[in-house]
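Working through the structure, step by step
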Amino acid sequence: MIDVENLSKTYSGFRAVQGISFHVEKGEIVGFLGPNGAGKSTTMKVLAGYLPPTDGKIKIAGHDVVTESIEVRKRIGYMPENVPLYTDMRVTEFLRFRAELKKVPRNKVKERVETVKQLCSLKDVENRIIGTLSKGYRQRVGLADAMVHDPDLLILDEPTIGLDPNQIRAVRDLIKDLGKHHTILLSTHILSEVELTCSRVLVINRGKIEASDTPANLTKLVRGGGSIILEVKAPAAEVTSKMQALPDVEDVEMILPADGDWTHAKIFAKPGVDVREKIYDVVRQNNWPLRELSRVKATLEEAFVELTQE
Amino acid sequence: MAFWTLYKREIVSYFQSAVAYVVLFGSALVQGAMFTIILSLIVESNYKEQSILQIFFTWILFWVLILVQVPLITMRTFSEEFKLGTIEMLLTAPVREWDVVLAKFFGALSFFLILWLPVVLDLTALQLFSTPPPPIYWSQIGLTALTLVLVGGFWVSLGVFTSVLTKNQIIAAVLSFAFVFAAFGLSTLRYFRHTDANLLNWISYVSTPEHLENAVKGIFDTRPIVFYVSVTFFMLMLTKSILEARRLKG
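Residues numbered from 1 in each chain as written. Chains lettered and ligands numbered in written order. Predicted model: local features only at pLDDT ≥ 70, side-chain atom pairs only at ≥ 80, totals over all residues. Heavy atoms only, no water.

The subject of this paragraph is the overall build of chain B. For chain B, the count of helices and strands is 13 helices and zero strands. Since a compact globule built from 250 residues should have a radius of gyration of about 18 Å, the 20 Å found for chain B is in line with a globular shape. Considered along the principal axes of its C-alpha atoms, chain B spans approximately 65 × 45 × 30 Å. Expressed as a percentage of its 250 residues, the buried residues of chain B come to 48%. Sequence separation of at least 24 residues holds for 77% of the intrachain contacts in chain B that already meet a minimum separation of 6. The distance from the centre of the 16 positive side-chain charges to the centre of the 14 negative ones in chain B is 6 Å. (Helix = DSSP H or I, 4+ residues; strand = E, 2+ residues; numbered from the N terminus. Rg over C-alpha atoms; globule rule 2.2 N^0.38 Å. Buried < 20%, exposed > 50% of the residue type's maximum accessible area, 1.4 Å probe, protein only. Contact = heavy atoms within 4.5 Å. Lys, Arg positive; Asp, Glu negative; His and termini not counted. Charge placed at Lys NZ, Arg CZ, Asp CG, Glu CD.)

At the junction of the two partners, chain B supplies 27 residues and chain A supplies 28 residues. Between chain B and chain A lies a buried interface of about 2,700 Å² when both sides are counted; carbon and sulfur atoms form 59% of it. There are three salt bridges connecting chain B and chain A. In this structure, lysine 8 of chain B engages glutamate 100 of chain A in a salt bridge whose closest nitrogen and oxygen atoms are separated by 3.2 Å. (Buried area = accessible area lost by both parts, 1.4 Å probe. Salt bridge = Lys/Arg side-chain N within 4 Å of Asp/Glu carboxyl O.)

Our next topic: the sheet that holds strand S8 (residues 183–187) of chain A. Residues and elements named next belong to chain A. Strand order in the open sheet made by the six strands is S6-S7-S8-S3-S9-S10, with mixed pairing throughout. Each having just a single partner strand, strand S6 (76–79) and strand S10 (208–213) make up the two edges of the open sheet. Averaged over all pairs of adjacent strands, the angle between their axes in this sheet comes to 15 degrees, without regard to strand direction. Here helix H11 (residues 300–308) sits on the sheet in contact with strand S3 (29–33), strand S9 (200–205) and S10, set at roughly 30 degrees to S9. (Pairing = 2+ DSSP bridges. Axes fitted to C-alpha atoms, helices over the stretch in contact; angles between N-to-C directions.)

This next bit is on the packing of aromatic side chains. Between two aromatic rings, the relevant description is the distance of the centres plus the angle of the planes. All names here are of chain B. Inspection of the entire model under this criterion finds 26 aromatic pairs over all chains. Taking 4.9 Å as the distance between ring centres and 80 degrees as the angle between the ring planes, the aromatic pair formed by phenylalanine 57 and phenylalanine 62 counts as edge-to-face. Residue phenylalanine 57 is classed as buried on the basis of its relative accessible area, which comes to 5%. A relative accessible area of 0% places phenylalanine 62 in the buried class. Between the aromatic rings of tryptophan 155 and phenylalanine 184, the centroid separation amounts to 6.3 Å while the plane-to-plane angle is 90 degrees, which identifies the pairing as edge-to-face. Highlighted residues: tryptophan 155 in helix H9 (residues 138–163) and phenylalanine 184 in helix H10 (residues 169–185), separated in sequence by 29 residues. Overall, tryptophan 155 belongs to the buried group, its relative accessible area being 0%. (Phe/Tyr/Trp six-rings, centres within 6.5 Å; stacked < 30°, edge-to-face > 60°.)

Moving on: the confidence of the model for chain B. For chain B, mean pLDDT is 89; residues scoring 70 or higher make up 98% of the total. Of all helices and strands in chain B, the one with the weakest mean pLDDT is helix H11 (residues 197–206) of chain B (79), whereas helix H7 (residues 97–114) of chain B scores best (95). (pLDDT = per-residue confidence, 0-100.)

Turning our eyes to something else, we now look at the side chain of arginine 73 of chain A. With respect to the helices and strands, arginine 73 of chain A occurs in helix H2 (residues 69–75). One buried charged residue, arginine 73 of chain A, remains without a salt bridge, the closest side chain of opposite sign being glutamate 97 of chain B at 5.2 Å. Only 2.7 Å separates the side chain of arginine 73 of chain A from the backbone oxygen of leucine 91 of chain B, close enough to count as a polar contact. Here the side chain of arginine 73 of chain A touches valine 95 of chain B through a polar contact of 3.0 Å, landing on its backbone oxygen. If we skip the residues at most four places from it in the chain, arginine 73 of chain A touches Ala48 and His149 of chain A together with Leu91, Thr92, Ala93, Pro94 and Val95 of chain B. (Polar contact = N/O pair within 3.5 Å; in protein donor to acceptor, adjacent residues only side chain to side chain.)

Our next topic: the side chain of threonine 263 of chain A. Residues and elements named next belong to chain A. With respect to the helices and strands, threonine 263 occurs in strand S13 (residues 262–269). For threonine 263, a relative accessible area of 4% puts it in the buried group. Within the structure, the side chain of threonine 263 is placed 2.4 Å from the backbone oxygen of alanine 234, a separation counted as a polar contact. Sequence-distant contacts of threonine 263, that is, excluding residues within four places in its chain, are made with Leu230, Glu231, Val232, Ala234, Pro235, Ala236, Val239 and Met254.

Now the structure itself:
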């Protein structure tokens, strides 16, 4: 559905996006993650055909975004950051205008507008002027606008920003539902949202793709896919040295404050290796009383921090 | 099709803004006052040298009114889209820049013409309620209307052009006033005594008041038509280029 080959975008000397490549298959829900200023919005604007790329080739549904811009725009629903809307129009009026503009056949306009109002729970504000609506409703009007022409691909730039937890949940469910028939590329800062909705995550930082994988696999990358918590009755220095002697252990950190003679340690292993058994062997050989041996799964948040921080 | 959708939206949005009603009210008031004053002058002094149209469309007040109307109509066309950010939403729909520019231009021009409807009503009332009714010269009326459309088109295109330059409506209005005033002001060169004959000739090509003077007398001239159509088209092309350039800049 999306084929990006070596995309670069330069704004007056500043390289916002530096030669990124990625592919999105039909039916995927892809989360676009990255710190502020990483180039997420820029990439999305280029995909939506609003900004031309400085370099690179982008195809959406087989059409080039530069040379066949109109064809591409017919097939995507783009919701820009901050959701700009005509504040003097009424909700239904606005959606009808957008449907006509996006070439929904004349006899289908009414039906499509009704459908998206239903999907985005806009029925109770359909006759209100957009300028008087709350942020949450405006966000949903933007979402309704993005999908009013039933596009193959939805590009949503931070669709849940500024919403309250209930609304976030509603939008998340809506996106999941839409994902059954549409391809979706969305950017967000809310990592739990990505874990719940996206089949794949693209992490972008300083204009480059840092990782592209499922949320589950990404968390495995983080220092061995999590750490191991060990609590034994033994001197801290001895525990540290014996653990570090293990072949697959990379680092040992103390968790302070210690409880009397007990040593509470956090052990990081190499990616993809489970060292719990070896740790247990060491504990048994030394006859240390054991109070805890457990694995902490890394969260996507940790993965995000590790991938995007220097 | 995209053009019609956008054009309809432009027209509707004029009638949703307060500025439009203020301008409409002000225009109707000034036109009515002008009409009344001219009519009473004609009646009282039994003035027969010029028709009411001739006096109306050569009076400086008429020009002052247009000079104020145009910036007020055009200032919001693009500026507001840039300010609200809706330009991004507009240009990511499957529409061409050209459609957007034309819709904004024709929307503004249509509203400009609506602003001149009161004078049509005034003339109709004069025709209906005076005995005997004054004679109607259709060629003069037609030519005057045509010239008003052409001049309006050119000046509105100047206004739309200034609106695409900035997201601040006030700056757009001031710039557009300056542009329109400059276009109008060229004609005043003919009043300088030492202007040479060549220059005078050249000025009469671009002198809007002169074109309208001829039109209300019923003199048909193709040169102004060619002039207005081409400069309007040029300004719209320029507007489209700036719109593209602003988008490319990000």
